[in-house]
Amino acid sequence: MSQDLTLAQIQDFKGKYPKQIWYMFLVEMWERFCFYGMRGVLTIFMVDQVRGGLGLSEKSANLQYGTIQAFVYAFTFLGGMFADKVLGFKRSLVFGALVMIVGNFIIASNPHSLFYLGITCSVIGTGFFKPNITSMVGWLYKDGDVRRDAGFSLFYSGINLGALLGGIVCVYLGKSPEFGWSYAFIASGSVMIIGLITFLLTKKFIKPIGNKPNANDNLHIVDINDTLQKVEVDTPVKNTNSVWKEYAVYAGGIIAIPIILILIKNASFTSIFMYVLAAVAIVYFLFEVFRQKEEGAKSKLFAAFIFIFFYFVFETFFEQAGGSLAIFAEKNLSHTMFGFLNLDPNMVNNSANSFFIIFLGLVAGMVWIWMSKRKAEPNTINKFGISFLFMAASYFFFFYLRFTANNQGTEASLGMFTFAYLLISIAEICLSPIGMSIVTKLSPKKLQGVMIGMWFLASAYGQYGAGLLGAAMSSDKAATTDMDRLIDYTAGYKQMAWICVAAGVLLIACAPFIRKLMKGVR
């Protein structure tokens, strides 16, 4: 394949998927190993009082988890904005990967003492890395290409292979008496090095995509009625994107480390930061909306915002996986499935979703294409509504776990817990990859990085909300009984299930209104 491959040639691919998508998900696969490996051990490391963890109470650990994850995804909004305006997707990705690598090895050197410094580096690095690979996937397709949803589903499935491996390997290393927490973070940093090398070796195959913004970026395609296309040229602008701006962004990322470190270590500051960031993000979004001149662009951006808002609601429940469900798995679940299969419940908690997504993503991609050809595919709004109904079903099963435990509140059914994760995975595959796809379709090309950043920013608020919900169900004592935890957590899961039912019904009922805002985009 020539290094001078044009964007038109990339988008004019034959078959179901462009070749470049395989390179991209290989890179993201290793990042997912790094990120989800760290996420999988985060809460159990913080409550650990025996193997060198932080020894926090369950309430404090849930709050700290929500705070850390919120900052991770909040920085994706800033990372997407800087990638759009200054660095370009490729440079932002490389810088983010390097900072993530440094962060993991800092924690590995002394997990108990240097955890907060290392996790701060991981927060900033992930912010620069995460939105950009997804944005580049969006560029592989022409506007109106019906194969886009299938491509995002494949991409979403493939990268979860890394999350599956990270979830198993890092939990095993962290909890193993022969290794310990340091080895879990060494593994996360090492695979990120592999991911960075993979990107550097394959970036020549996506040469027209993800470069620094310049005056030549004023040519773009405007979608009309989902089939016809026209090309518009904006008013030429001077290339003011000088080198000093690029290095200023790098310097700003490094300077932000002590500031974010203080915010993370003092969770009481987080709410102020989140409120301010929300106001800034909404004002910036409205500014970009009202300066759009393309016909229908404003309406489509408002539709994208509705999807982003419901993604925030979804993530609030989905991200119990790294908080309350991680503690529940550690303390209340049986280690045996089907009466003979011995499994660490935390490995199941951290890898079951990724395991199911790998297969469901491949199936979903084929199903969407098959239904699209027969004009029977549910629209994106209904897919969102269906996802909430599956999420509700999963939390009803989590609630029912209280009836499978013994008199001490332990040995709850690992099989039922795993089945609930299957339902969560179906919910996720109906929403997350489809959501990213619809946001890129509804957004002007020049705003795709920012809108994907807002997608992850919604996740930041979902993560923070998940931490608050988990903390509300948890005890602030250093030790609590297994039975108390069983009753408190499952009662909370029942309430979450009913909220998901309400959200799903509301989305399906409002589908006609949202479709009007979308102006024919599917």
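Every value quoted in this text rests on a predicted model; they were computed, and no experiment measured them. (Residues numbered from 1 in each chain as written. Predicted model: local features only at pLDDT ≥ 70, side-chain atom pairs only at ≥ 80, totals over all residues. Heavy atoms only, no water.)

(A) Quick peek at the side chain of Arg32. Tracing the backbone shows Arg32 in helix α2 (residues 20-47). Look at Arg32 and you get buried, because its relative accessible area is 7%. Apart from residues no more than four positions distant in its own chain, Arg32 is found in contact with Gly37, Lys130, Tyr156, Ile159, Asn160, Gly162 and Ala163. (Helix = DSSP H or I, 4+ residues; strand = E, 2+ residues; numbered from the N terminus. Buried < 20%, exposed > 50% of the residue type's maximum accessible area, 1.4 Å probe, protein only. Contact = heavy atoms within 4.5 Å.)

(B) Quick peek at the confidence of the model for the chain. Averaged over the chain, the pLDDT score is 83; the fraction of residues at 70 or greater is 92%. Throughout residues 215-237 the model reports pLDDT below 50, and contacts reaching past four residues in sequence, or to other chains, amount to 39 contacts. (pLDDT = per-residue confidence, 0-100.)

(C) Looking closely at the pattern of salt bridges. Going through the model one piece at a time under the given rule, you end up with eight salt bridges. Where Glu330 meets Lys175, a salt bridge forms, and the shortest distance between an N and an O atom there is 2.8 Å. Of this pair, Glu330 sits in helix α11 (residues 324-332) while Lys175 sits in helix α6 (residues 148-175), and the two are 155 residues apart along the sequence. Note that Asp344 is salt-bridged to Lys175, the shortest N-O span being 3.0 Å. Taken together, the positions of Asp344 in the loop between β4 (341-342) and α12 (345-373) and Lys175 in helix α6 put the pair 169 residues apart, joining distant regions of the chain. Here the two residues Asp344 and Lys175 agree in accessibility, since each one is buried. (Salt bridge = Lys/Arg side-chain N within 4 Å of Asp/Glu carboxyl O.)

(D) Expanded view of the environment of Ile106. Take Ile106: it is sitting in helix α4 (residues 89-109). In sequence terms Ile106 and Leu343 are 237 residues apart; their C-alpha atoms lie 30 Å from each other.

(E) Region of the structure containing helix α13 (residues 380-400). Taking 1.5 Å as the rise per residue, α13 with 21 residues should run 30 Å; its terminal C-alpha atoms sit 31 Å apart, in good agreement. Regarding α13, its N-cap is Asn379, as a side-chain oxygen of that residue lies 3.1 Å from the backbone nitrogen of Ile381 further along. (Expected span 1.5 Å × (residues − 1). Polar contact = N/O pair within 3.5 Å; in protein donor to acceptor, adjacent residues only side chain to side chain.)

(F) Fine view of the packing of α2 against α11. Across the interface, α2 lies against α11 with an axial gap of 9 Å and an inter-helix angle of 60°. Between α2 and α11 the crossing geometry is right-handed. Together, Thr43, Ile44 and Val47 of α2 and Ala326, Ile327 and Glu330 of α11 make up the contact between the two elements. (Axes fitted to C-alpha atoms, helices over the stretch in contact; angles between N-to-C directions. Left-handed = near helix turned anticlockwise from the far one by under 90°.)

(G) Inspection of the state of the cysteines at higher detail. Within the structure shown, the criterion is met by zero disulfides. Cys500 provides the cysteine sulfur closest to Cys510, a residue in no disulfide bond, and the two sulfurs are 17 Å apart. Owing to a relative accessible area of 31%, Cys510 belongs among the partly exposed residues under this scheme. (Disulfide = S-S within 2.5 Å.)

(H) Just the nonpolar core, in detail. Phe398 and Phe417 are the most contacted members of the largest nonpolar core, which totals 171 residues. The dominant element in this core, judged by the number of residues it contributes, is α2, at 17 residues. For Phe417, the contacting residues outside a window of four places in its chain are Leu325, Phe328, Ala329, Leu333, Val348, Asn349, Phe398 and Leu401. (Core = buried A, V, L, I, M, F, W, Y, C linked by side-chain atoms within 4.5 Å.)

(I) Geometry of the packing of α13 against helix α16 (residues 482-509). Packing of α13 against α16 brings their axes to within 7 Å, and their N-to-C directions diverge by 165°. Of the possible angle classes, the one that applies to α13 and α16 is roughly antiparallel. The element α13 and its partner α16 pack so that their crossing is left-handed. Contact residues: Ile381, Asn382, Phe384, Gly385, Phe388, Leu389, Met391, Ala392, Tyr395, Phe396, Phe398 and Phe399 in α13; Thr490, Tyr493, Lys494, Met496, Ala497, Trp498, Cys500, Val501, Ala503, Gly504, Leu507 and Ile508 in α16. Across the contact of α13 with α16, the residue classes break down as 19 nonpolar, four polar and one charged. (Parallel < 35°, antiparallel > 145°, perpendicular 65-115°, else oblique. Nonpolar A, V, L, I, M, F, W, Y, C, P; charged D, E, K, R; others polar.)

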